[in-house]
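# Inside the fold
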Amino acid sequence: MITEMENKKAHVEELPQLTPDEIKRYSRHLIMPEVGMDGQRRLKAGSVLCIGAGGLGSPAAMYLAAAGIGRIGIVDFDVVDFSNLQRQLLHGTKDVGRSKNESAKSRINDLNPHVHVDTYETLLDSQNALGLFKDYDVILDGTDNFPTRYLVNDACVLTGKPNAYGSIFRFEGQASVFATKDGPCYRCLYPEPPPPGLVPSCAEGGVLGVLPGIIGVIQATETIKLITGIGEPLIGRFMIYDALRMKFRELKLRKDPECPVCGTNPTVTKLIDYEQFCGLRPEPQQAQGGTSVSDWEITPVELKTKMDAGETPFVLDVREPNEYQINKIAGSTLIPLGELPRRYQELPRDREIVAQCKMGGRSAKAMEFLKSVGFTNVKNLRGGILEWIDKVDPSQPKY
Amino acid sequence: MPNTIHIPTPLRPFTDKQESVEVSGGTVGELLADLTKKHDGLRKHLYTDEGKLRNFVNVYLNDEDIRYLQREATPVKPGDSLSIVPSVAGGAGGAGDISQKPQAKADRWGLA
């Protein structure tokens, strides 16, 4: 495994001692020979950086804290929202509106005051990732978007830190340990991200609340194994969990010698622009082109003004039917994004089309698609139905 | 005897919500072709316009990545199962979710 940890194992006498309080607290670990006093001291000397205090980061950080990891870092910039509480157990109802970092810190301190918590109120990016990672033993990836997934992977490879990886969607989860010295990394498995819009996010696709509990705890388990050096870590193996069928499947992963980051001749030797890599931002030269934001974007207030003035833009809602049941813009037409390629002929060519989804992501894809098939008068509703509700129609529920 | 292809959650909308599909053929490529014949909507998710398997879609024969076998030419035996394993990014909200950061939101394509 990684050299730093081998070194730690070699110098048991340098590990911190446990206080009498800690011995009481960790007694169920201490009586197991696989953990024992040495393992518990290794945990105390160990550190983990949780990227995200959300669905995966919550159970992972809580169990790691209870298990006696010495130091937990949390990178998050979000505030607690009601829609988080269905699965993000670090945060309670009283924490809604509070910074997730603060909420997480107080929950962890309550679970185990012996754990040192460092919080980083920031977006993880190519400028800060290496500096943040270098002070931790294990990185626990609980993010929910492709750019950050690739960023975390590459930064783990570049800093030599193992990545306790977990990912979830609806009823299905994935877990593995990437970027150990001899094991595969995330890019060995997925060299390239899917094009934007093809794979929905949890905010768009939903997630069973208990699912991150399972996957986040697998990540915590692997972290503990990496730090204590016990068992068989999930390296070179990919676990897939299907909650509906209650099945775990294990697939083999191999280190790809051609991998652009961890292969024999890496082409990625420093962190890159991951949003661009994932196709989420146009190439710089395109961005400087003639089209300004206002040419392809419309705000909810502008849309309302048009409607009130008697104009009749065709509002195309590209969400899923169950989302459309929750809230909608009156008079809009529902064609889910996935159905658009075979149903776009239903759209009027002689009217302005305003594409709309929950927050503006899927509708941006819809707009790009419609432009690619010859529609010229298409705009994206900025901020989606959520901003519409905030700015125009607060009578409708948000989700 | 037909073979089974496991369909991951994100692709189930294209298989009438079925989590697995029975297919027949002698190679991995033939099984996938039978799958897209039965469920045409999957085609664009699995293949590029040039008819190549997409890079972000991994296919496993039993527990082995077909990239380390003979890719689509890999022969299959009765009872073998295929799994399609697409990349999934979800972490159920939280940091790093660039889309949630207000100032980051402003300078991108309104991507949520």
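Residues numbered from 1 in each chain as written. Chains lettered and ligands numbered in written order. Predicted model: local features only at pLDDT ≥ 70, side-chain atom pairs only at ≥ 80, totals over all residues.

## A look at the overall build of chain A
What chain A contains, in helices and strands, is 19 helices and 13 strands. The C-alpha atoms of chain A give 24 Å as radius of gyration, which agrees with the globular expectation for 399 residues (21 Å, within 12%). C-alpha extents for chain A along the principal axes are approximately 80 × 50 × 40 Å. When each of the 399 residues of chain A is scored for burial, the buried share is 47%. (Helix = DSSP H or I, 4+ residues; strand = E, 2+ residues; numbered from the N terminus. Rg over C-alpha atoms; globule rule 2.2 N^0.38 Å. Buried ≥ 20, exposed ≤ 12 C-beta atoms within 10 Å, placed from the backbone.)

## What about the sheet that holds strand β10 (residues 314-317) of chain A?
Hydrogen bonding along the main chain pairs the strands of a sheet, whether they run parallel or antiparallel. Residue and element names in this part refer to chain A. Pairing within the open sheet is parallel, and its five strands lie in the order β9-β13-β12-β10-β11. The sheet is open, and its two borders are formed by β9 (297-298) and β11 (333-334), each paired with just one other strand. Pairing analysis gives four bridges linking β10 to strand β12 (residues 353-356), with the strands arranged parallel. Paired with V315 across the bridge in β12 is V354. (Pairing = 2+ DSSP bridges.)

## Here's the deal with unusual backbone geometry
The residue A:M246 is not glycine, and still its phi comes out positive at about 50°. You can call A:M246 exposed: it has 7 C-beta atoms within 10 Å. Its identity as a non-glycine residue notwithstanding, B:D16 has a phi of 50°, on the positive side. Relative to the elements of secondary structure, B:D16 occurs in the loop between β1 (3-6) and β2 (20-23). We classify B:D16 as exposed; it has 10 C-beta atoms within 10 Å.

## A closer look at helix α6 (residues 100-111) of chain A
Residue and element names in this part refer to chain A. In this model α6 runs 16 Å from its N-terminal to its C-terminal C-alpha over twelve residues, within 8% of the 16 Å that 1.5 Å per residue would give. Of the positions making up α6, those classed as buried are K100, N101, S103, A104, K105, R107 and I108. Turning to α6, the residues buried within the fold contact α5 (57-67), β2 (71-75) and β3 (116-120). (Expected span 1.5 Å × (residues − 1). Contact = placed C-beta atoms within 7 Å.)

## Some remarks on the nonpolar core
Residue and element names in this part refer to chain A. With 93 residues, the main nonpolar core has L49, C50, A61, L64, I72, L140 and C185 as its most contacted residues. Considering each element in turn, this core owes the most residues, eight residues, to helix α8 (residues 146-159). With near-sequence residues (within four places) excluded, L49 lies in contact with G73, V75, L132, F133, Y136, I139 and L140. Core analysis: the next-biggest nonpolar cluster, separate from the first, contains 20 residues, V315, L316, I353 and A366 among them. (Core = buried A, V, L, I, M, F, W, Y, C linked by C-beta atoms within 7 Å.)

## Quick word on the packing of α5(A) against helix α11 (residues 211-228) of chain A
All names here are of chain A. Packing of α5 against α11 leaves a shortest axis separation of 7 Å and a crossing angle of 40°. Looking at the two axes, α5 sits oblique to α11. Taken as a pair, α5 and α11 cross one another with a handedness that is right-handed. Facing α5, whose interface residues are G57, S58, P59, A60, Y63, L64 and A67, α11 presents P212, G213, G216, V217, Q219, A220, T223 and I224. Residues that form the contact of α5 with α11 fall into these classes: nine nonpolar, six polar and no charged. (Axes fitted to C-alpha atoms, helices over the stretch in contact; angles between N-to-C directions. Parallel < 35°, antiparallel > 145°, perpendicular 65-115°, else oblique. Left-handed = near helix turned anticlockwise from the far one by under 90°. Nonpolar A, V, L, I, M, F, W, Y, C, P; charged D, E, K, R; others polar.)

## Points about the environment of A:S126
Residue and element names in this part refer to chain A. Along the polypeptide, S126 turns up in the loop between β3 and α7 (129-133). In the structure, S126 is positioned 148 residues away from Y274 in sequence and 8.0 Å away in space, judged by C-alpha atoms. When sequence neighbours within four positions are dropped, the list of residues in contact with S126 reads L151, L271, I272, D273 and Y274.

## Focus on the sheet that holds strand β3 (residues 57-61) of chain B
All names here are of chain B. With mixed pairing, five strands are arranged side by side in an open sheet as β2-β1-β5-β3-β4. Two strands in the sheet have a free side with no partner beyond their single neighbour: β2 and β4 (64-65). One ladder, built from five bridges, connects β3 with strand β5 (residues 81-86); its direction is antiparallel. Note on β5: the bridge partner recorded for N58 is V85.

## Side note on the pairing of β1(B)
Residues and elements named next belong to chain B. By the alternation rule, side chains of β1 split into N3 and I5, which are all buried, and T4 and H6, of which none is buried. Direction of pairing for β1 relative to β5: parallel, over a ladder of three bridges. In the sheet register, I5 faces β5, and the bridge partner there is L82.

## Focus on the confidence of the model for chain B
Considering every residue of chain B, the mean pLDDT works out to 80; 80% of them sit at 70 or more. For this predicted complex, the interface confidence reaches an ipTM of 0.77, while the overall pTM sits at 0.77. (pLDDT = per-residue confidence, 0-100.)

## Comments concerning the pairing of strand β8 (residues 247-252) of chain A
All names here are of chain A. Pairing between strand β7 (residues 237-242) and β8: six bridges, direction antiparallel. By the bridge assignment for β8, Y241 is matched with F248. Once β7 ends, the chain turns through four residues before running back antiparallel as β8, passing M246 with a positive phi of about 50°.

## What to know about the packing of α5(A) against α6(A)
Residue and element names in this part refer to chain A. Contact pair α5 / α6: the axes reach a minimum separation of 9 Å and the direction vectors enclose 30°. Classified by the interaxial angle, the pair formed by α5 and α6 is roughly parallel. Seen along the crossing, α5 lies across α6 with a hand that is right-handed. Within the contact between the two elements, α5 uses A61, M62, A65 and A66 and α6 uses A104, I108 and L111. Counted by class, the contact of α5 with α6 contains seven nonpolar, no polar and no charged residues.

## Things to note about the domain arrangement of chain A
Partitioning chain A into structural domains gives domain 1 (3-277) and domain 2 (290-391). For domain 1 of chain A and domain 2 of chain A, the distance between their C-alpha centres works out to 37 Å. (Domains from an automatic or database assignment.)

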